[in-house]
Amino acid sequence: MRKILLADDDFLVRTYLSGSIDWEKNGFTLVGAAQDGEEALKMIQEQQPQILLTDIDMPVMNGIELIRKIKESGSKLQVIVLSCHDDFVYVKEAMRLGAEEYILKDNITPDKLLQVLQDLCGETEDSETGSAVMSSQEEQDQLLQLLNGACTGASVIRPDAVMAVRILNYDEQYAYLSAEQKEHFFRALVQNCREACSDQADTRAVHVRGGLAAVLCKFQKGLSLREQQSRLQESANTIRSYLDRYLAVSVQIGISEAGVFRDDVQAYWGNAQDALAHYFYEKGPVFYGWQCGRMGSILPKAAELFLEQAEEFLLQHDRRAMKEALEQVLDLFEREKTCGPLVGEWSRKADKILRIDVRPAPADFSQMRDYAKQYIAACEEKLPDTDRYSEPVAAAVRFIQSHYRENIALADAAEEANLTTTYFSFIFHKETGITFSEYLQSCRLNHAKELLAGSGLRIHEIGVQAGYHDMRHFSKVFKKETGMTPKEFRKRNQQP
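This one's a predicted model, so the numbers in the text were calculated from it and none came from an experiment.

Student: Honestly, the overall build of the protein chain in this entry has me stumped. Any pointers?
Tutor: Looking only at helices and strands, the protein chain features 21 helices and ten strands. Overall size of the protein chain, expressed as C-alpha extent along the three principal axes, is 90 × 55 × 40 Å. Burial analysis of the protein chain (496 residues in total) assigns 48% to the buried set. For the protein chain, the proportion of contacts with a sequence separation of at least 24, taken over those separated by at least 6, is 66%. As presented, the protein chain carries roughly 24500 Å² of accessible surface, and 47% of it is formed by carbon and sulfur atoms. A distance of 4 Å separates the average location of the 58 positive side-chain charges in the protein chain from that of its 75 negative side-chain charges.

Here's what the structure looks like:
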């Protein structure tokens, strides 16, 4: 028997939870019910429970302080937090301190509480029949097998639809958590997803990899296709709300078509991921499989041809041809909805050929267009061939290269070229393939990159030497153009 201690200052909550479950029949013993954290701490020392169910907002000593003292003592006591909807800030702190699970008081039922307890303990035997019951880890393993098409025999669920849940900015904000922190984080993530859908369908949720989770939904018989789609939409919106409120996590969700793949869970999962992949081209939090077409899985011929010709564009200083080829490639990517990872791999190869510094794969297609501008700008800055330009443009190029560290503007370059601002802007773009601003920014950023990689100057000093006197603006522009902050770029590229 596992011993459980309850801590809550609300008499009705203590009474309800104490009497609503046949504890011993289900393999537990309720050893006490404390009214505040201080009383709970004393009872923990006396009764030595294995599990604590604790409220957060309690007098004398609140739940956060109680958890902190428990964990600081080195106790192995497992903690389940009972919270209200307005406690989400404290819930995050409780999970950070080491709480294993949390339950919303508004949604708590004896069955839900018992399920959480059994999942936490990994119960292996049914208390009434003595038959084997799947543990939480076994269930998660089988769900992963289902998604991969490797599960045989009876399974925990045969869904009518599957959702793919993608955490935004996962690599920047969550990938560097410790193993223990990730375990708590993903457990909370899965619990939130499952809880959010519980009113709409029988659901299971599992962390798949990195910032990706899956939610499997089984509907009651008799629902029409439209009703199933409506429930999926409601569940997706509730998942987003729960994760934002309780974990401060923003997500995008791809929803598979409903009821079309019968028992082929792998097909549902593939369909959900195909829907989610549209985030690369389309803005929006939720993507529906019954509305989205398949993503392009083959690189367009024009993209392959560009990689073959890129070096020649570089050697011949043919920026106009490069620009035309790039525009064709980008138009095809967008028209054929070429999948994001494939576009990212193409971009990595193009970066290498055109000698662009290492940078992250584009997060979405708008960033890919920014990356493409840099191909032309970088080539112009690194291999200027003023002999190919008219004298006014050649004079402007020399002027920019000599004065980009200063606070120069389009009018200054136009004056150097002895042209009106409007006409100079037109002819500079026509001959170089880029705008004055793009060329000036390329000169500044390339100089900043050289200093970040090869000098010991402070980042603020580098910004000033590159022509940026506002540190926040420098960091913002650098991050937008490279996908990294100046500090991250230095860490990745600094010479020993």
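Next comes the rest of the write-up.
Student: Can you help me understand the packing of helix H18 (residues 436-454) against helix H20 (residues 471-482) in this one?
Tutor: Relative orientation of the contacting elements H18 and H20 amounts to 95°, with a least axis distance of 11 Å. The angle between the axes of H18 and H20 places the two elements in the roughly perpendicular class. Note on element contacts: H20 touches H18 through Phe474, Val477, Phe478, Glu481 and Thr482, opposite Gln441, Leu445, Ala448, Lys449 and Leu452. Looking at the contact of H18 with H20, its residues break down into six nonpolar, two polar and two charged.

Student: It is not clear to me how the pairing of strand S2 (residues 28-34) should be interpreted in this structure. Could you clarify?
Tutor: Along a regular strand, successive side chains alternate from one face of the sheet to the other. Here strand S1 (residues 2-7) runs beside S2; their pairing, made up of six bridges, is parallel. Bridging across to S2, Arg2 finds its partner in Phe28. The parallel pair S1 and S2 is bridged by helix H1 (residues 11-19), and the resulting crossover is right-handed.

Student: Help me out: how do you make sense of the sheet that holds S2 in this one?
Tutor: Paired through backbone hydrogen bonds, the strands of a sheet run either parallel or antiparallel to each other. An order of S2-S1-S3-S4-S5 is seen for the five strands of this open sheet, with the pairing classed as parallel. The sheet is open, and its two edges are formed by S2 and strand S5 (101-104), each paired on a single side. The sheet shows a mean angle of 20° between the axes of neighbouring strands, taken without regard to direction. Judged from the five bridges that link them, strand S3 (residues 51-55) and strand S4 (residues 78-83) form a sheet pairing that is parallel. Residue pairing in the sheet places Asp55 in a bridge with Leu82 of S4. Contacts from H1 reach S1, S2 and S4, with the element oriented near 170° to S2. Packing against the sheet, helix H2 (residues 37-47) makes contact with S1, S2 and S3, and its axis sits at approximately 145° to S2.

Student: Teacher, can you tell me more about the sheet that holds strand S8 (residues 212-218) here?
Tutor: Here we have five strands laid out as an open sheet, ordered S7-S8-S6-S9-S10, and mixed in their pairing. Both edges of this open sheet fall to strand S7 (202-209) and strand S10 (286-288), since each of them pairs with a single strand only. Going from strand to strand, the sheet's axes swing by 20° on average, the running direction of each strand aside. With five bridges connecting them, strand S6 (residues 161-167) and strand S9 (residues 251-255) associate as antiparallel partners. Looking at the pairing, Ala164 lines up with Gly254 of S9. This element, helix H9 (residues 225-247), spans S6, S8, S9 and S10 of the sheet and lies at about 160° to S9.

Student: I'm lost on empty space enclosed by the protein in this one. Help?
Tutor: For the structure on display, the rule yields one cavity of 30 Å³ or more. Of the voids in this model, the largest cavity is the one considered here, and its volume is about 50 Å³. Taken together, Tyr102, Ile103, Leu104, Gln191, Asn192, Glu195 and Tyr242 form the lining of the largest cavity. At the level of elements, S5 and helix H8 (179-197) are the ones that each hand at least two residues to the lining of the largest cavity.

Calculation criteria
Residues numbered from 1 in each chain as written. Predicted model: local features only at pLDDT ≥ 70, side-chain atom pairs only at ≥ 80, totals over all residues. Heavy atoms only, no water. Helix = DSSP H or I, 4+ residues; strand = E, 2+ residues; numbered from the N terminus. Buried < 20%, exposed > 50% of the residue type's maximum accessible area, 1.4 Å probe, protein only. Contact = heavy atoms within 4.5 Å. Areas by Shrake-Rupley, 256 points an atom, 1.4 Å probe, with all protein chains shown as cover. Lys, Arg positive; Asp, Glu negative; His and termini not counted. Charge placed at Lys NZ, Arg CZ, Asp CG, Glu CD. Axes fitted to C-alpha atoms, helices over the stretch in contact; angles between N-to-C directions. Parallel < 35°, antiparallel > 145°, perpendicular 65-115°, else oblique. Nonpolar A, V, L, I, M, F, W, Y, C, P; charged D, E, K, R; others polar. Pairing = 2+ DSSP bridges. Right-handed = clockwise from strand over helix to strand, strands pointing away. 1 Å grid on protein atoms, 1.4 Å probe; cavity = no way out; pocket = protein on both sides within 12 Å on 5 of 7 lines; lining within 4 Å. Points joined across faces, edges and corners; volume = space filled by probe spheres on them.

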